[in-house]
Amino acid sequence: MPAVWTNADLHCHSVVSDGTLQPEELAARAKANGVELWALTDHDEIGGQHRAQAAALALGLPYLTGAEISVTFAGITVHIVGLGFDVDDAQLAAGLAATRGGREERAREMAAGLAQVGIHGAYEGALKYVGNPELISRTHFARHLVESGVCQDTHEVFRKFLVEGKPGYVPHRWAKLGDAVRWIREAHGIAVIAHPGRYKFTANEEYALFTEFKVHGGRGVEVITGSHSGSDFIKYADMALEFELLASRGSDFHSPDESHVDLGTLPPLPGKLTPVWEALGDRVQLP
């Protein structure tokens, strides 16, 4: 394994959660875009891991196992990416299954809210876009509302209907931060705070998140990711240093038609940081 990976992409989604491409298609896209180390990180699901790994290795692309776990912290949904874990770990699988469990009930409540403003059949419409019914999400509702002509694009759907205070928004209580980090850690992986710049925390709440994450054994933070601005890159590079966290990098790619950033197209990590993959060398699956 080379001492430095300049193009690792350790955050993306397939149809197993809320992406639009198969794991094999993502592997091919990553390889074509020059990715040198890849991880598939579906939401609360590891069902695509064996397929992703097999496809990556067949293409000569080194692979790390991955998942993005939904947790609730200070009343806000936060995502924790696990990397390099044992994909057959029973405790991790059980924890993810429990986290997925409330999605159908939440989806039906979302559909009921939309029906109250004249948008009927949204639950059935969203199901058409779901590769895994256990993982029905706001993204699937958004795709349905675009296809049915209610909105022009998924960003408009979220803005008008699926964020707090809008008709289709329903909160969901996910896993606890400590549990998610423990599942990853005890499966021999490393826990990473995903895209911290997306959360609407106060400065004190954000500091509390990083502090508690460290206390539970979390070890990394995404510094370079698709939803971060240049100022976010600088801020979270500094926070990685302050909290002595490893730095991760990932596009958060979902779809060729929806994602602003493609696989493998992010700027490199700042040189002053320690990349998360340096601590996962023995967990990287090599061709």
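Before reading further, recall that the structure is shown in the block above.
Keep in mind that what you see is a predicted model, and the values were worked out from it rather than measured.

**Student:** Now, about the sheet that holds strand β5 (residues 175–176): what can you tell me, with residues and values included?
**Tutor:** Strand order in the open sheet formed by 6 strands is β5-β3-β4-β6-β7-β8, with mixed pairing between adjacent strands. Only two strands of the sheet have a single partner each, and these edge strands are β5 and β8 (246–250). The pairing of strand β6 (residues 190–193) with strand β7 (residues 220–225) spans 2 bridges and is parallel. The partner of Ile193 across the bridge, within β7, is Val221.

**Student:** Quick rundown of helix α7 (residues 154–162)? Include the residues and the values.
**Tutor:** Taken residue by residue, α7 has Thr154, Glu156, Val157, Phe161 and Leu162 as its buried positions. Viewed along the axis of α7, the buried residues span an arc of 155 degrees, placing them on a single side of the element. Against the buried residues of α7 lie α4 (103–115) and α6 (138–147). A side-chain oxygen of the first residue of α7 lies 3.2 Å from the backbone nitrogen of His155; this N-cap is Asp153.

**Student:** Report on the pattern of salt bridges, specifying residues and quantitative values.
**Tutor:** One pass over the structure, following the stated rule, counts 11 salt bridges. For Lys235, the salt bridge identified is with Glu206, shortest N-O distance 3.1 Å. Placement of the pair is Lys235 in helix α10 (residues 230–242) and Glu206 in helix α9 (residues 203–215), with a sequence separation of 29 residues. Lys235 sits in the partly exposed class, given a relative accessible area of 38%.

**Student:** Outline unusual backbone geometry, supporting the account with residue identities and numerical values.
**Tutor:** Phi at His188 is positive, roughly 70 degrees, even though this residue is not glycine. Along the chain, His188 turns up in the loop between α8 (177–186) and β6. In the Ramachandran plot, Glu244 falls in the positive-phi region, its phi being about 55 degrees despite a non-glycine side chain. With respect to the secondary-structure elements, Glu244 resides in the loop between α10 and β8. Among the residues examined, Glu244 registers a relative accessible area of 66% and is labelled exposed.

**Student:** I'd like to hear about the layout of surface pockets, residue by residue, with values.
**Tutor:** Over the atoms rolls a probe the size of a water molecule, and its path tells where empty space is left. Of the volumes computed, that of the largest pocket is approximately 1,600 Å³. Lining of the largest pocket is provided by 42 residues; of these, His79, Arg138, Phe158, Val163 and Arg198 occupy positions nearest its centre. Looking at the lining of the largest pocket, the elements with two or more residues in it are β3 (66–73), β4 (76–83), α4, α6 and α7. The element contributing the most residues to the lining of the largest pocket is α7, with 5 residues. Considering only residue class, the lining of the largest pocket consists of 11 nonpolar, 19 polar and 12 charged.

**Student:** Outline the packing of aromatic side chains, supporting the account with residue identities and numerical values.
**Tutor:** Across all of its chains, the model carries 6 aromatic pairs by this definition. Consider the rings of Phe210 and Phe243, whose centres lie 5.3 Å apart with planes at 45 degrees: the pair is tilted. With Phe210 in helix α9 and Phe243 in the loop between α10 and β8, this residue pair connects regions lying 33 residues apart in the sequence. For the pair formed by Phe210 and Phe243, the shared burial category is buried. Taken together through their ring pairs, the aromatic side chains of Tyr207, Phe210, Tyr236 and Phe243 make up a single cluster. Its guanidinium or amino end placed over the ring of Tyr123, Arg108 lies 4.1 Å from that ring's centre, counting from NZ or CZ.

Reading the values: rules and limits
- Residues numbered from 1 in each chain as written.
- Predicted model: local features only at pLDDT ≥ 70, side-chain atom pairs only at ≥ 80, totals over all residues.
- Heavy atoms only, no water.
- Pairing = 2+ DSSP bridges.
- Helix = DSSP H or I, 4+ residues; strand = E, 2+ residues; numbered from the N terminus.
- Buried < 20%, exposed > 50% of the residue type's maximum accessible area, 1.4 Å probe, protein only.
- Arc of directions from axis to C-beta.
- Contact = heavy atoms within 4.5 Å.
- Polar contact = N/O pair within 3.5 Å; in protein donor to acceptor, adjacent residues only side chain to side chain.
- Salt bridge = Lys/Arg side-chain N within 4 Å of Asp/Glu carboxyl O.
- 1 Å grid on protein atoms, 1.4 Å probe; cavity = no way out; pocket = protein on both sides within 12 Å on 5 of 7 lines; lining within 4 Å.
- Points joined across faces, edges and corners; volume = space filled by probe spheres on them.
- Nonpolar A, V, L, I, M, F, W, Y, C, P; charged D, E, K, R; others polar.
- Phe/Tyr/Trp six-rings, centres within 6.5 Å; stacked < 30°, edge-to-face > 60°.
- Lys NZ or Arg CZ within 6 Å of the ring centre and 35° of its normal.

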